[in-house]
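# Analysis of the macromolecular model
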Amino acid sequence: MRVCPSCERENPDDVDFCQSCGQYIRWEPTMLAPAVTPAAAPAAATEAPPTEAPPAEAPPADAPPVAHPPSAPPGDGSAAMVGPVVEGAVEPAAPAPPPPPSAAPPPEPPAPEPPQIDPDAVVMDLRIPGVETEGPISVSVQAGGTVRVVLLIRNQSGIVDNYDVSVEGLPEAWWTATPPTVYLVPYGTASDGYEQEVTIDLHPPRSAEAEARPWLIKVTAESRAYQVVIGTRDATLVIEPYYELESEMRPERKSGRAKGRFAIAIRNKANAPTDIELSALDSESKLAFDFERARFPTKPGRRAGSVFYARPLKQMIFGRKVEHRFTVSAQAADVDASAVPRLGVFVQKPWIPRWVLVVLPLLVAGAVAAWLLWPRTVTVPDVRQTRKLVTAQHMLEGKGLKLGKVTEHTTDLRPPGSPINSSPSIGSHVKKGTAVDLVLAVGTGLKVVPDVTGLSFADADAALKKAGFQVGQQTPAPSGPQDKIEKQVPEGNKKAKIGSPIDLFFAQQTTTSSTATTTTTTNGGTGGNTGGIPGVPGGSSPSASDQAVAKLGIVFDNGRDILVTGARNGKPVMKVVGTPDVEMMPAVSPTGGSIAYARGPDGDKTQIWLVDPKKPQFAHPLTNAGFADRHPVFSPNGKIVAFARIRNISVPGKIDGDVCFIPVTANAAVPSCIVDPKLNVSRPAWSPDGQAILATSAPVVAPRQTDLLEYTSNQPSSGNAKSWNSLGLVTAGMHGKRVGEQVWLARWAPDGKQVAFGATWGSTAFHLVLVAAAQDVLAKKFTSLPKIAACEVTYLTQTQLAIAQRGDCMNPSSSLLVRVDLAIPDRLVPLSKLSVGAEYPALSPTPP
């Protein structure tokens with residue numbers, strides 16, 4: 001380390017000037033030598049007049065004597081180092097004795113203030129050799145050539161300094177400064193050595209990077225003493241354009257009858273943009289050429305091109321292939337520059353080759369012989385598609401087959417009387433006229449008894465009759481519609497003979513209930529009634545309502561994880577799926593064995609995942625990545641998941657959603673989608689019979705309202721998008737034309753006779769709306785319950801719903817999950833807390 005004698009700062013050994021005060025510190029003690037007179041060392045900074053250079057501070061008393069700077073840069077050997085002058089001789093200074101070991105180290109000196117730079121410390125003059133100009137200079141150069149300018153630097157700083165010359169505004173490889181560093185003494189301290197000329201050669205390369213245009217540059221001088229740029233001069237370098245083109249054609253040979261498709265690419269290897277004109281010519285003038293772009297612009301260093309077609313002027317019906325050779329030329333539009341012409345060959349093929357005339361008669365003769373000799377076989381049809389023997393017989397006769405023996409097989413897996421097998425087997429190939437034996441299903445006479453505990457007599461009677469049973473003994477006799485069934489014999493979910501009576505035991509209760517105010521609308525007209533909801537039995541008791549859902553669970557999300565809770569009172573709350581990703585919008589399979597949900601690192605990029613609640617470690621994605629897949633729902637048979645694939649989810653005014661289908665056996669696969677670029681379709685709901693899907697829909701561009709769009713299919717639970725047909729917006733005529741009226745999410749009742757959803761019809765807030773349905777067709781009449789806020793809904797039983805409530809369905813800051821019995825709509829049972837949050841409830845057949 002070198003210590004500055006002025007400020008005592010330690011500096012690295014390779015530094016010439018103090019980094020704090022700028023003092024020159026490369027002086028070295030020398031041996032005894034004669035004193036140097038001013039004439040012998042004119043450039044010494046210590047010989048300068050007092051007015052030209054400020055005196056240096058005196059070194060400390062114990063510091064060794066230092067030498068004066070030479071007139072040349074240190075270390076070049078051009079001058080000897082000298083010591084202080086004492087009566088004409090230089091004596092070496094005695095080194096200071098080392099401090100005693102016990103002496104304390106000297107205190108750290110205060111940090112010196114940074115040096116003040118005089119704006120006139122350096123005088124710079126940039127000029128063109130042999131040319132006198134005023135102000136900033138401007139020079140021109142060809143790309144690949146060289147132009148020279150000269151920089152004069154004069155040191156007026158008062159200290160000896162080194163100046164590094166550089167050029168800003170050009171890559172470092174495009175210029176050369178000779179010398180790159182100048183060593184100058186202060187002006188006035190000597191007759192020379194205070195100024196020097198630097199030759200700067202500007203040589204941009206002959207490449208596209210050297211763009212033809214004026215380049216504004218700055219020639220700078222950086223002081224090593226102050227370590228800052230101490231002077232600059234502006235200039236303009238005009239790089240003149242040159243032109244060079246390179247062409248490439250693919251393919252060089254193409255066959256065809258009517259035309260051949262080629263492509264030519266032109267690379268502009270010059271430094272200036274230019275327009276390219278293409279032309280093609282064949283020597284025999286038998287081709288015509290069609291360019292998609294006969295003229296196009298190219299940028300420096302970039303490539304552009306065009307597809308073109310070579311067409312024969314005369315078609316060939318018969319004959320052999322003919323080769324047509326041609327050349328393609330590329331010429332710069334306004335300058336004399338062109339690319340090397342490219343040669344191409346178009347092989348014209350005849351429409352009917354010569355060999356066809358020879359082979360065709362043989363082929364016809366062979367086909368006739370094969371048709372005459374081919375055995376007459378047909379495929380045994382799939383008779384399992386029908387439920388009647390007579391229909392199966394018609395299917396066989398339609399194939400040229402006959403009905404053979406008919407046998408029976410006892411099973412409850414197929415409807416009685418329906419074919420379940422055949423011999424020969426279904427799909428086999430047999431001769432026409434073959435007799436096909438059929439096996440018909442015969443029922444065991446037993447059927448599962450529905451569980452009617454917790455229901456009223458009217459509901460139980462309807463459920464038993466629908467299942468093929470009848471009401472037996474009633475103990476005690478019900479006193480009114482408020483009495484609920486406490487027990488049944490035989491028990492629910494057990495098999496009994498079809499048509500047998502089911503004994504009912506009632507728990508008599510006397511309750512009074514009121515219903516929420518509802519509004520019924522038909523074709524735009526409004527009317528009011530306060531006697532309950534049409535088609536929903538009234539008078540249910542709270543206790544019976546709770547018992548009806550005691551064995552059910554509800555799966556939902558809180559915006560981050562998938563949770564499950566009991567449908568009766570919302571307890572306990574358990575986490576089903578919880579990972580660092582976002583998991584939301586769950587759907588439960590009909591058996592409760594699987595949960596489908598949307599999962600991704602954020603809400604904008606999600607996939608549909610499938611998980612077994614008992615084996616969460618085996619969760620896997622059903623759909624491929626790269627989209628916003630949301631709102632899954634299982635088909636009634638549990639084999640297909642319908643969902644909404646949303647594109648451009650973060651671009652307002654361009655959000656486009658489609659209903660898609662994916663099998664539950666898929667693994668990150670591509671789904672089958674009903675693509676409609678004009679409609680944003682989302683939130684699908686599958687009907688119980690699997691032949692209808694309701695989804696929310698609005699135009700992609702300028703949406704004003706959101707309605708329900710219905711798809712239908714003759715194939716129940718189909719996962720093929722092509723099998724679904726659109727019935728249009730089925731709710732568009734049910735409400736007014738006010739901008740902003742929306743349907744949020746719809747769900748079908750278990751029997752398919754009702755649809756529930758949240759909507760803003762006639763209000764600014766989302767509330768519960770019920771619409772009757774028959775054979776998957778929505779009625780024009782609907783029931784509105786404005787006092788029940790509703791976003792997402794799901795049916796727990798035929799009359800009970802789980803509803804997610806929040807102020808604004810589109811911005812869920814907090815959400816509450818409640819249960820409502822449509823027979824007692826004014827009684828809401830909370831199932832969650834606002835602090836937990838609950839969205840997108842789905843029925844689980846089993847409690848948590």
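A few points on the structure. (Residues numbered from 1 in each chain as written. Predicted model: local features only at pLDDT ≥ 70, side-chain atom pairs only at ≥ 80, totals over all residues. Heavy atoms only, no water.)

## Overview of the overall build of the protein chain
Across its full length, the protein chain carries 4 helices and 58 strands. Within the protein chain, buried positions represent 41% of all 848 residues. Residue pairs at least 24 apart in sequence account for 57% of intrachain contacts in the protein chain once pairs closer than 6 positions are excluded. Just so you have it, the protein chain exposes about 43,900 Å², and 55% of that area is on carbon and sulfur atoms. (Helix = DSSP H or I, 4+ residues; strand = E, 2+ residues; numbered from the N terminus. Buried < 20%, exposed > 50% of the residue type's maximum accessible area, 1.4 Å probe, protein only. Contact = heavy atoms within 4.5 Å. Areas by Shrake-Rupley, 256 points an atom, 1.4 Å probe, with all protein chains shown as cover.)

## Digging into the sheet that holds strand β56 (residues 816-821)
In space, the 4 strands of this open sheet follow the order β54-β55-β56-β57, with antiparallel pairing throughout. Looking at strand neighbours, the two that pair on one side only are β54 (793-795) and β57 (824-830), the edges of this open sheet. On average, each strand axis in the sheet is inclined to that of its neighbour by 25°, with strand direction left out of account. Both strand β55 (residues 800-805) and β56 contribute to a ladder of 6 bridges, which runs antiparallel. Along β56, the bridge assignment pairs A802 with R819. (Pairing = 2+ DSSP bridges. Axes fitted to C-alpha atoms, helices over the stretch in contact; angles between N-to-C directions.)

## Thoughts on the nonpolar core
Within the largest apolar cluster, 39 residues are counted, with the highest numbers of intra-cluster contacts made by L151, I153, L170, I200, L202 and L237. Core analysis: the second largest hydrophobic core is formed by 22 residues, F634, I662, C673 and C791 among them. (Core = buried A, V, L, I, M, F, W, Y, C linked by side-chain atoms within 4.5 Å.)

## Re the pattern of salt bridges
For the coordinates displayed, the defined rule picks out 26 salt bridges. Residue R127 is joined to E197 by a salt bridge in which the shortest nitrogen-to-oxygen separation is 2.6 Å. Of this pair, R127 sits in strand β3 (residues 122-127) while E197 sits in strand β9 (residues 195-202), placing them 70 residues apart in sequence. Taking the relative accessible area as the measure of exposure, R127 reaches 27% and is therefore partly exposed. Residue E197 is classed as partly exposed on the basis of its relative accessible area of 42%. (Salt bridge = Lys/Arg side-chain N within 4 Å of Asp/Glu carboxyl O.)

## Some details on the sheet that holds strand β46 (residues 679-686)
Pairing in this open sheet of 4 strands is antiparallel, and the strands run β46-β47-β48-β49 from one edge to the other. One side of each edge strand has no neighbouring strand; the edge strands of this open sheet are β46 and β49 (725-729). On average, adjacent strands in this sheet sit at an angle of 30° to one another, irrespective of strand direction. As judged from the 6 bridges shared by β46 and strand β47 (residues 692-699), these two strands associate in the antiparallel manner. Counterpart to S682 in the pairing with β47 is T696.

## Some remarks on unusual backbone geometry
Put simply, R250 and P251 share a cis peptide bond, and its omega is -15°. Even without a glycine there, the phi angle at N493 is positive, about 70°. Within the secondary structure, N493 sits in the loop between β30 (484-489) and β31 (495-497). With a phi angle near 50°, Y840 is a residue other than glycine that sits in the positive phi range. Looking at where Y840 falls in the secondary structure, it is placed in strand β58 (residues 839-844).

## Structural notes on empty space enclosed by the protein
Using the criterion set out here, one finds 2 cavities of 30 Å³ or more in the structure. Counted as a void, the second largest cavity has a volume near 30 Å³. Forming the walls of the second largest cavity are L126, I137, V139, V149, L202, I217, V219 and A235. Of all the secondary structure elements, the ones that give two or more residues to the lining of the second largest cavity are β4 (137-142) and β10 (214-223). Per-class residue counts for the lining of the second largest cavity are 8 nonpolar, no polar and no charged. (1 Å grid on protein atoms, 1.4 Å probe; cavity = no way out; pocket = protein on both sides within 12 Å on 5 of 7 lines; lining within 4 Å. Points joined across faces, edges and corners; volume = space filled by probe spheres on them. Nonpolar A, V, L, I, M, F, W, Y, C, P; charged D, E, K, R; others polar.)

## Digging into a nonpolar patch on the surface
A cluster of nonpolar side chains, L360, L363, V364, V368, W371, L372 and L373, forms an exposed patch at the surface whose accessible area comes to about 780 Å². By relative accessible area, which is 46% here, V364 ends up partly exposed. (Patch = residues over 30% accessible without salt bridge, like charges linked within 9 Å, V, L, I, M, F, W, Y side chains within 5 Å.)

## Some thoughts on the pairing of strand β44 (residues 656-663)
In terms of burial, β44 is a largely internal element, 7 of the 8 residues being buried. Pairing between strand β43 (residues 640-647) and β44: 8 bridges, direction antiparallel. Paired with R647 across the bridge in β44 is D656. Bridge count for β44 against strand β45 (residues 672-674) is 3 bridges, and the pairing is antiparallel. Its bridge partner lying in β45, F661 is registered against S672.

## Examining the packing of aromatic side chains
Each pair of aromatic rings is reported with the distance of its centres and the angle of its planes. Here the structure, examined in full by the defined rule, presents 14 aromatic pairs. With 5.3 Å between their ring centres and 65° between their planes, W174 and W215 make a pair best called edge-to-face. A residue pair is termed long-range when its members are at least 10 positions apart, and W174 in the loop between β6 (161-168) and β7 (175-178) and W215 in strand β10 qualify at 41 residues. Across the pair, W215 and W174 agree in class, each one buried. Residues F289 and F326 carry aromatic rings whose centres are separated by 5.2 Å and whose planes lie at 55° to one another, so their mutual orientation is tilted. Pair noted here: F289 is in strand β16 (residues 287-291) and F326 is in strand β20 (residues 322-332), with a separation of 37 residues, a long-range link. Residue F289 is classed as buried on the basis of its relative accessible area, which comes to 17%. (Phe/Tyr/Trp six-rings, centres within 6.5 Å; stacked < 30°, edge-to-face > 60°.)

## Some thoughts on helix α3 (residues 457-467)
For α3, the set of buried residues is A460, D461, L464 and A467. Take α3 and look down its axis: the buried residues cluster within an arc of 135°, on one side only. Of the exposed residues in α3, the ones pointing more than 90 degrees away from its buried face are K465 and K466. Looking at the buried positions of α3, the neighbouring elements they touch are β28 (446-448), β29 (470-475), β30 and β32 (501-507). (Arc of directions from axis to C-beta.)

## A word on the state of the cysteines
Under the definition given, this model contains 2 disulfides. One disulfide in the model links C660 with C673; its S-S distance is 2.0 Å. Looking along the S-S bond of the C660-C673 disulfide, the torsion reads about 105°, which is the right-handed sense. Residue C660 is located in strand β44, and its partner C673 is located in strand β45; the two are separated by 13 residues in the primary sequence. Residue classification places C660 among the buried residues on the basis of a relative accessible area of 0%. (Disulfide = S-S within 2.5 Å.)

## Digging into the side chain of R806
With respect to the helices and strands, the residue R806 is situated in the loop between β55 and β56. Separated by 2.6 Å, the side chains of R806 and E792 make a polar contact. Within the structure, the side chain of R806 is placed 3.3 Å from the backbone oxygen of C809, a separation counted as a polar contact. (Polar contact = N/O pair within 3.5 Å; in protein donor to acceptor, adjacent residues only side chain to side chain.)

## Some remarks on the environment of A548
Looking at the secondary structure, you find A548 in helix α4 (residues 542-548). A relative accessible area of 23% places A548 in the partly exposed class. A C-alpha to C-alpha distance of 8.5 Å links A548 and V452, two positions 96 residues apart in sequence. Once residues lying within four places of it in the same chain are set aside, the contact partners of A548 are T797 and Q800.

Remember that the coordinates give geometry; whether it matters functionally is a separate question.
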